[in-house]
Amino acid sequence: MEHNEEGQRNSAAEEFQKSLDELQLLLEESQTEEQPEKELEKELEVDNTKAKPAEESPKFNLAEWEDAVADIEQYFESKEK
């Protein structure tokens, strides 16, 4: 039974690593396709001026996404060392 659980953990770890690798590729692709930062900031300012009903407001903000991406990138950098 322990061998089966270990196999499941290993399989789950492999799947998780595969997902992280795919995410890293997506992040790298999106960085090469990004608009200049100033253009992006202007677009965000325009979007913030539009009133949105509370139920349509996102439950996260750009800063949270940036922090998450930075954490993931840091993880990949530490993994490569």
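Please read all numbers here as calculations on a predicted model, not as lab measurements.

Caption draft 1: View of the overall build of the protein. In terms of regular secondary structure, the protein is built from three helices and zero strands. Out of the 81 residues belonging to the protein, those deemed buried represent 5%. When the accessible surface of the protein is totalled, it reaches about 7700 Å², and 52% of it is carbon and sulfur.

Caption draft 2: Quick look at the pattern of salt bridges. Overall, the coordinates contain one salt bridge when judged by the stated rule. Here Lys-79 and Asp-21 are joined by a salt bridge, their closest N and O atoms 3.5 Å apart. Here Lys-79, found in helix α3 (residues 62-80), pairs with Asp-21, found in helix α1 (residues 2-33); they are 58 residues apart in sequence, far enough to count as distant.

Caption draft 3: The confidence of the model for the protein, seen in detail. Per-residue confidence for the protein averages 76 on the pLDDT scale, and 65% of its residues sit at or above 70. Averaged pLDDT values for the elements of the protein fall to 60 in helix α2 (residues 37-49) and rise to 87 in α3.

Caption draft 4: Region of the structure containing the environment of Ile-72. Relative to the assigned elements, Ile-72 resides in helix α3. Taking relative accessible area as the criterion, Ile-72 reaches 23% and is therefore assigned partly exposed. Counting along the chain gives 49 residues from Ile-72 to Leu-23, while the straight-line C-alpha distance between them is 9.0 Å. Every residue in contact with Ile-72, bar those within four places of it in the chain, is listed here: Leu-23 and Leu-27.

Caption draft 5: The arrangement of α3 in detail. Taking 1.5 Å of rise per residue, the 19 residues of α3 would be expected to cover 27 Å, and the 27 Å separating its terminal C-alpha atoms lies within 8% of that figure. Structurally, the start of α3 carries an N-cap: the backbone nitrogen of Ala-63 is 3.1 Å from a side-chain oxygen of Asn-61.

Caption draft 6: Summary view of a negative patch on the surface. On the surface, Glu-28, Glu-29, Glu-77 and Glu-80 cluster together into a negatively charged patch. Contributing elements (two or more residues each) for the negative patch: α1 and α3. Note that Glu-80 resides in helix α3.

Conventions and cut-offs
- Residues numbered from 1 in each chain as written.
- Predicted model: local features only at pLDDT ≥ 70, side-chain atom pairs only at ≥ 80, totals over all residues.
- Heavy atoms only, no water.
- Helix = DSSP H or I, 4+ residues; strand = E, 2+ residues; numbered from the N terminus.
- Buried < 20%, exposed > 50% of the residue type's maximum accessible area, 1.4 Å probe, protein only.
- Areas by Shrake-Rupley, 256 points an atom, 1.4 Å probe, with all protein chains shown as cover.
- Salt bridge = Lys/Arg side-chain N within 4 Å of Asp/Glu carboxyl O.
- pLDDT = per-residue confidence, 0-100.
- Contact = heavy atoms within 4.5 Å.
- Expected span 1.5 Å × (residues − 1).
- Polar contact = N/O pair within 3.5 Å; in protein donor to acceptor, adjacent residues only side chain to side chain.
- Patch = residues over 30% accessible without salt bridge, like charges linked within 9 Å, V, L, I, M, F, W, Y side chains within 5 Å.
- Lys, Arg positive; Asp, Glu negative; His and termini not counted.
- Charge placed at Lys NZ, Arg CZ, Asp CG, Glu CD.

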